[in-house]
Amino acid sequence: MTAPLTLAHSPCPNDTFVFHAWTEGLLPDAPGTQLTLADIDVTNGLAQKGELDVLKVSYGVLPHILDDYALLPCGGALGRGCGPLLLVAEPTEPAALAGARVAVPSTTSTAYLLFRLWAADAIPGGVGEVVVLPFHEIMPAVRDGAVDAGLVIHEARFTYGRYGLHCAADMGEEWEKHTALPIPLGAIVARRSLGEPLLRSLTHAVRASVRAAWSDPDASRAYVLRHAQEMEPDVVDQHIGLYVNEFTADLGTEGLDAVRTLLDRSAELGLLPSAADGALDTILHL
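To keep things clear, this report deals only with the structure shown in the data block.

The rules behind these values
Residues numbered from 1 in each chain as written. Predicted model: local features only at pLDDT ≥ 70, side-chain atom pairs only at ≥ 80, totals over all residues. Heavy atoms only, no water. Phe/Tyr/Trp six-rings, centres within 6.5 Å; stacked < 30°, edge-to-face > 60°. Helix = DSSP H or I, 4+ residues; strand = E, 2+ residues; numbered from the N terminus. Buried < 20%, exposed > 50% of the residue type's maximum accessible area, 1.4 Å probe, protein only. Pairing = 2+ DSSP bridges. Right-handed = clockwise from strand over helix to strand, strands pointing away. Contact = heavy atoms within 4.5 Å. Core = buried A, V, L, I, M, F, W, Y, C linked by side-chain atoms within 4.5 Å.

Looking now at the packing of aromatic side chains. This structure, assessed with the given rule, holds three aromatic pairs. Here the aromatic rings of Phe115 and Trp118 are separated by 6.1 Å at their centres, their planes lie at 35°, and the arrangement is tilted. In this pair, Phe115 and Trp118 are both assigned in helix H4 (residues 110–122), three residues apart and thus about one turn of the helix distant. By the burial criterion, Phe115 is buried, and Trp118 matches it. Members of the aromatic cluster, joined through ring pairs, are Tyr112, Phe115 and Trp118.

Okay, structure coming up:
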């Protein structure tokens, strides 16, 4: 009997919605899985250590792991109107944030990378201290004045008004304005040593899991809500609607262009190492 693939993704609604059918054994022809639920910072670290077979990671960590992992053409988070937000307690022009103390959920996340790309142009002299805080502490910290601004992701897009906060800049909107491309956020990667036949099989499994979720959204409802970290059901629905889209089923050439553009721009600014030539070339054939 073949050992199950070790898989790690976040407990966020988009991931549990996408992977439910596969990880719960509802796809008879799919490879078996042994699932770990962990925040993206943890999965980024697991990928950098090469410890699991399949992981959801930030695009910002991709150049560090491409020797060992292949980017899969499905299952990730990439889209339009879904970028990170920079929040402030009072309406503020971006230039006024020079030297500001900014809270971020991670310095290995794609959100942070998009923020750095934006700040390079929008904030002369750059921001000041960058403070890493757990995601749920960022909006209270901005509200209470512990930091000058906070970078938030996911469901905070729908809830920041409850904290009396204002959006100083939308990183995704800025990205789309300058590139006309969708916003790369989270990627699915698999160990290259699994070999192309198994990589192809698990790619088909991820796609089948996405389609199963779309065809019967109620099938995963209880599972998604159980892992949604006390998120309200209507926010869960908005979250899934925003982050699970056509690029989740198939990254396609436009999605791959977006990934390459993110990595190339980041390398030009010294934010990431350059990805090796050809490291992404074969994924659309899986």
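Let us keep going from here.
This part covers the pairing of strand E2 (residues 33–37). Note that strand E1 (residues 5–9) and E2 share five bridges and pair parallel. By the bridge assignment for E2, Thr6 is matched with Gln34. For the segment spanning E1, helix H1 (residues 13–23) and E2, crossover handedness is right-handed.

This part takes up the environment of Phe115. For Phe115, a relative accessible area of 1% translates into the label buried. Each C-alpha atom, one on Phe115 and one on Leu151, is 7.9 Å from the other, the two residues being 36 residues apart in sequence. Among all residues touching Phe115, those that are not within four sequence positions of it are Leu86, Val102, Val127, Leu151 and Met171.

Formed by 54 residues in total, the largest nonpolar core has its most connected members in Leu55, Tyr59, Leu62, Leu86 and Phe115. If we skip the residues at most four places from it in the chain, Leu86 touches Leu97, Val102, Phe115, Trp118, Ala149, Gly150, Leu151, His166, Cys167, Ala168, Ala169 and Met171. One finds Ile188, Leu202, Val206 and Met231 within the second-largest nonpolar core, a separate group that totals 27 residues.

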